[in-house]
2 protein chains.
Amino acid sequence: MENTEKNPRGIATAASQAAVDVGRASTLQKNAAIHAMAAKLAERQGELVSANRCDLEAARASDLPEKLAARLGFGKAKISARIEALGRIKALPDPVGAAHGTKLRPNGLAVTRVRVPLGVILMIYEARPHVTVNAGAFCMKAGNAAILRGGSEAAQCNGILGEMWHESLEEADLPAEAIQVISGSHEDVAELLHMEDLIDLVIPRGGRGLVETVTKESLIPVLKHSAGVCHVYLDEGADLDQATRIVLDSKCLMPEVCNAMETLLVCERLEPHLPQVADALQAHGVTIRGCQRTTAAVPYAEPATDEDWRTEYLDMIVSVRVVEDVDEGIEHINRYGSHHTDVIVTESRSRARRFVREVDSAVVLVNASTMFCDGASLGMGAEIGISTDKLHARGPMGLNELTSYKFVIEGNGQVMGAPEDWRRGLTP
Amino acid sequence: MENTEKNPRGIATAASQAAVDVGRASTLQKNAAIHAMAAKLAERQGELVSANRCDLEAARASDLPEKLAARLGFGKAKISARIEALGRIKALPDPVGAAHGTKLRPNGLAVTRVRVPLGVILMIYEARPHVTVNAGAFCMKAGNAAILRGGSEAAQCNGILGEMWHESLEEADLPAEAIQVISGSHEDVAELLHMEDLIDLVIPRGGRGLVETVTKESLIPVLKHSAGVCHVYLDEGADLDQATRIVLDSKCLMPEVCNAMETLLVCERLEPHLPQVADALQAHGVTIRGCQRTTAAVPYAEPATDEDWRTEYLDMIVSVRVVEDVDEGIEHINRYGSHHTDVIVTESRSRARRFVREVDSAVVLVNASTMFCDGASLGMGAEIGISTDKLHARGPMGLNELTSYKFVIEGNGQVMGAPEDWRRGLTP
């Protein structure tokens, strides 16, 4: 048994069998497993903190980039946050079995769309042990089996979290294989990505390299959680205080997340006020890379290259460009952006409307910070990630986005043809 | 210009530019193009019929399988049916811009999910010139640009239909490249399947070989319209007259379509009545291949092999198996079926419920013919095809299934952090 669990086909087969049971499990059972996991996080907190310390030491010894190491942290505060998050996921309504209103057709057939689980979800991510907690709970609550492949940097911590899921599921009388935390080699992962007969969806979450490799390799449908090159466009006549607040929040609150602002676009009519906004950014420690007009107006701005407009810094850096008007702003965003999250700050109703319609992004905001691109802010309770794809799910993904549906049709003997039509087969 | 239209990148680039305009076009404009196309089908009917005659002759000369040749027909009756179908598509509500109820969040943000087009859709299909009419109208009405690659068997007919779309779009002041009917080589198609930067979705529609090749080759997301191995399960205590009607309609009305019944499963308690159902099938010209118990009860039944349970005959053939009970029936369907369309005929409420929950298919029916797996029957007005995938769309696909969505968030200066939080970047 232990042997089969270690090889990729064994893992996927076990997941696929577990998916049948977890797909039919009651909400109470699934919630019981989430509850047990939360209890274990509290009980074994000390063990997790020291495992995380080992991971961090190993990471520093092997020269892991500081940014990745920062995401690897799983101390007391992060563990408490996870316990709270599990409480929120437990409280979310179960999407499985939800019926989207029955339509009675003229012939008497009753047609209902019913939500069903997707099946087996393979999640591939870097660092961030908290994903092991979150994604497991999310996939399972939506009735799916999850295969979670975290980065080798988080091996110790993920190992313990995997054990804890195993026990939590068993305590709730669910198959332990409904959430498998694995640490296979790149070859093993490549093998999994070819098992379209057993796995229904792959979600890669991490840097551009990871996402591209997975997309190329996979025969299974992929939901990309790719880079966020997010913009704030300051329109002519924008309220400057409001604009500055939104710019600072979008850049400085959490510069390391995918929905942080990377490029600030300023309408040329606002150019006289550009130094004021730039000063506020600089005062908060942000480095500015600007177009020619920006460097002319802001002495400490470095010149930006064409590459800067496409760059996700995830850092206290911002690129700044002066544009003629909202049209040039929209064009810049659709051309250089990553269709993730973009903001217009404006007092004009017609330009707000144009921006919202024409910017081709998952989340488009008027007079609000990019930080609100997040499942909790949008009323989904929590999120498993932010899709940069258009198919199936776009933007923050909640429980519903981890399900599919089936059509259920109830009749009392309806047929489409008349008996004389059933002879058609006889006359080719 | 003509040259760029012929090479794959030129085609995809033109489609991607046209998608921007058609995505922003009004419903009236899109309906005008559909109306113009319907008028042209009527006007140039004679020309289409003789082009189709050429295609048919060439097909017969090159020994095209008779089944494929049958689908190639595009005579007066089929053209009239297309004109009617265009009228129905024109009458459907435009999905683009539809808002799914605005939620006001506690912080005053107004969050709305708004439907948007997918972008560029590449459709690859065999024979059937009617798809060139239908799919073009469907994709365009949902605000997308379409690249339609029909089979070489239908080259003459598709060429004229392509010209007609070109003219119809121009008459409606829409870019002619919003619907491009192409006839490129397999190498050209392979090139298109690698342009994930320009094309948003691929829909292959045809035999298993076509669908598998496209799925393997494509870097673009694929929505498979694959085989239909559909079942009718006759439960103990089923009304025999009703059961026979449903079986005959599911098999004999249109044996060539993907939702025709291919396997009949009979509960062993109904075994004494099996000859009666088999006789009705035989009387309508259906060949029966059965399990051992079937061949014992029905003298003219041929023995079925394991391969038969997985076969989509698309013909006047049915495989028949006696199963112990509903559980064995469900197991057979989930194991051998193609997760397409399956029926239970029963008077038992509890077994109907179990069948509906546990059969993992896009469409599950109780006491009705498999023929009702169809967009019009389900109230979608019409359909562009039937997805056998779970992601994005499952079962019959209407206009909504050819769209994505974006989140639109309107605020009045909301930020997430307090000013002291914006200093975080300063203290790593």
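Residues numbered from 1 in each chain as written. Chains lettered and ligands numbered in written order. Predicted model: local features only at pLDDT ≥ 70, side-chain atom pairs only at ≥ 80, totals over all residues.

A. Fine view of the overall build of chain A. Counting its regular elements, chain A contains 15 helices and 16 strands. Once the C-alpha set of chain A is aligned to its principal axes, its extents read approximately 75 × 65 × 40 Å. Counting only residues that meet the buried cut, chain A has 52% of its 428 residues in that class. Considering only intrachain contacts with a sequence separation of at least 6, the fraction spanning at least 24 residues in chain A is 71%. (Helix = DSSP H or I, 4+ residues; strand = E, 2+ residues; numbered from the N terminus. Buried ≥ 20, exposed ≤ 12 C-beta atoms within 10 Å, placed from the backbone. Contact = placed C-beta atoms within 7 Å.)

B. Structural context of the packing of helix H3 (residues 27–43) of chain A against helix H7 (residues 130–141) of chain A. Residues and elements named next belong to chain A. Between H3 and H7, whose axes approach to 10 Å, the crossing angle comes to 170°. Relative to H7, the element H3 is oriented roughly antiparallel. Taking contact as the criterion, the partners of Lys-30, Ala-33, Ile-34 and Met-37 in H3 are, on H7, Ala-137, Met-140 and Lys-141. Considered class by class, the residues forming the contact of H3 with H7 number five nonpolar, no polar and two charged. (Axes fitted to C-alpha atoms, helices over the stretch in contact; angles between N-to-C directions. Parallel < 35°, antiparallel > 145°, perpendicular 65-115°, else oblique. Nonpolar A, V, L, I, M, F, W, Y, C, P; charged D, E, K, R; others polar.)

C. A look at the pairing of strand S7 (residues 230–234) of chain B. All names here are of chain B. Burial runs high along S7: five of the five residues are buried. Side chains Cys-230, Val-232 and Leu-234 of S7 all project onto a buried face; the interleaved residues His-231 and Tyr-233 project onto the opposite face, where all are buried too. Two strands pair when backbone bridges link them, and S7 and strand S8 (residues 261–267) are joined in this way by five bridges, in the parallel orientation. Bridge pairing in S8 places His-231 opposite Thr-263. Note on the crossover from S7 through helix H11 (residues 240–252) to S8: the handedness is right-handed. Note: S7 against strand S12 (residues 341–345), four bridges, orientation parallel. Paired with Leu-234 across the strands is Val-345, a residue of S12. (Pairing = 2+ DSSP bridges. Right-handed = clockwise from strand over helix to strand, strands pointing away.)

D. Molecular detail of the interface of chain A and chain B. Between chain A and chain B, the residue contacts involve 60 residues of the former and 60 residues of the latter. At eleven residues, the largest contribution of residues to the side of chain A that touches chain B is made by strand S16 (residues 403–414) of chain A. Note that strand S13 (residues 363–368) of chain A and strand S16 (residues 403–414) of chain B share five bridges and pair parallel. Residue A:Leu365 lies in a different strand from S16(B), and its bridge partner there is B:Ile409.

E. Inspection of the packing of helix H6 (residues 76–91) of chain B against helix H7 (residues 130–141) of chain B at higher detail. All names here are of chain B. Relative orientation of the contacting elements H6 and H7 amounts to 5°, with a least axis distance of 10 Å. One way to sum up the angle between H6 and H7 is to call them roughly parallel. Facing H6, whose interface residues are Lys-78, Arg-82, Ala-85, Leu-86 and Ile-89, H7 presents His-130, Val-133, Asn-134, Ala-137, Phe-138 and Lys-141. For the contact of H6 with H7, a count of residues per class yields six nonpolar, two polar and three charged.

F. Layout of the relation of the copies chain A and chain B. Rotating chain A by 180° about the axis while translating it 0.0 Å along that axis superimposes it on chain B, leaving an RMSD of 0.0 Å. The transformation just described matches what one would write down for a two-fold rotation axis. It is A:His392 whose C-alpha, among those of chain A, lies nearest the rotation axis, at 1.8 Å. Taken as a fraction of all interface residues of chain A, those also at the interface in chain B reach 100%, which identifies the copy contact as same-surface. (Least-squares fit on C-alpha atoms with pLDDT ≥ 70 in both.)

G. Main features of the sheet that holds strand S10 (residues 302–303) of chain A. Taking strand neighbours across the sheet as the criterion, the ten strands line up as S10(A)-S9(A)-S11(A)-S8(A)-S7(A)-S12(A)-S13(A)-S16(B)-S2(B)-S1(B) in an open arrangement whose pairing is mixed. Since the sheet does not close on itself, it has two edges, and those belong to S10 of chain A together with strand S1 (103–104) of chain B, each with one partner. Judged from the four bridges that link them, strand S12 (residues 341–345) of chain A and S13(A) form a sheet pairing that is parallel. When the bridges of S13(A) are listed, A:Asp342 appears paired with A:Val364. Running over the sheet, helix H11 (residues 240–252) of chain A touches strand S7 (230–234), strand S8 (261–267), strand S11 (317–323), S12 and S13 of chain A together with S16 of chain B and is turned about 165° from S12(A). The strands touched by helix H14 (residues 326–336) of chain A are S7, S8, S11 and S12 of chain A; relative to S11(A), the strand with the most contacts, the crossing angle is about 140°.

H. Structural context of the domain arrangement of chain A. Residue and element names in this part refer to chain A. When cut into domains, chain A gives domain 1 (2–226 + 388–408) and domain 2 (230–372). Every contact between the two is made by six residues of domain 1 and, on the other side, seven residues of domain 2. Grouping the constituent residues of the side of domain 1 that touches domain 2 by class yields one nonpolar, three polar and two charged. (Domains from an automatic or database assignment.)

I. Up close: the environment of B:Leu28. Mapped onto the elements of the fold, B:Leu28 is located in helix H3 (residues 27–43). Looking at B:Leu28, the number of C-beta atoms within 10 Å reads 9, which means it is exposed.

J. Highlighting unusual backbone geometry. Residue and element names in this part refer to chain B. Of note in the backbone geometry, Leu-314 takes a positive phi value of approximately 55° without being a glycine. Residue position: Leu-314 is located in the loop between strand S10 (302–303) and strand S11 (317–323). In this structure, His-339 takes a positive phi of about 60° despite not being glycine. By the secondary structure assignment, His-339 is in the loop between helix H14 (326–336) and S12.

K. Just the pairing of S11(B), in detail. All names here are of chain B. S11 sits mainly inside the fold: six of its seven residues count as buried. As judged from the five bridges shared by S8 and S11, these two strands associate in the parallel manner. Looking across to S11, one finds that Leu-264 is bridged to Val-320. Pairing of strand S9 (residues 287–290) with S11 involves four bridges; the strand directions are parallel. Each residue of the ladder has a partner; that of Thr-287, found in S11, is Ile-317.

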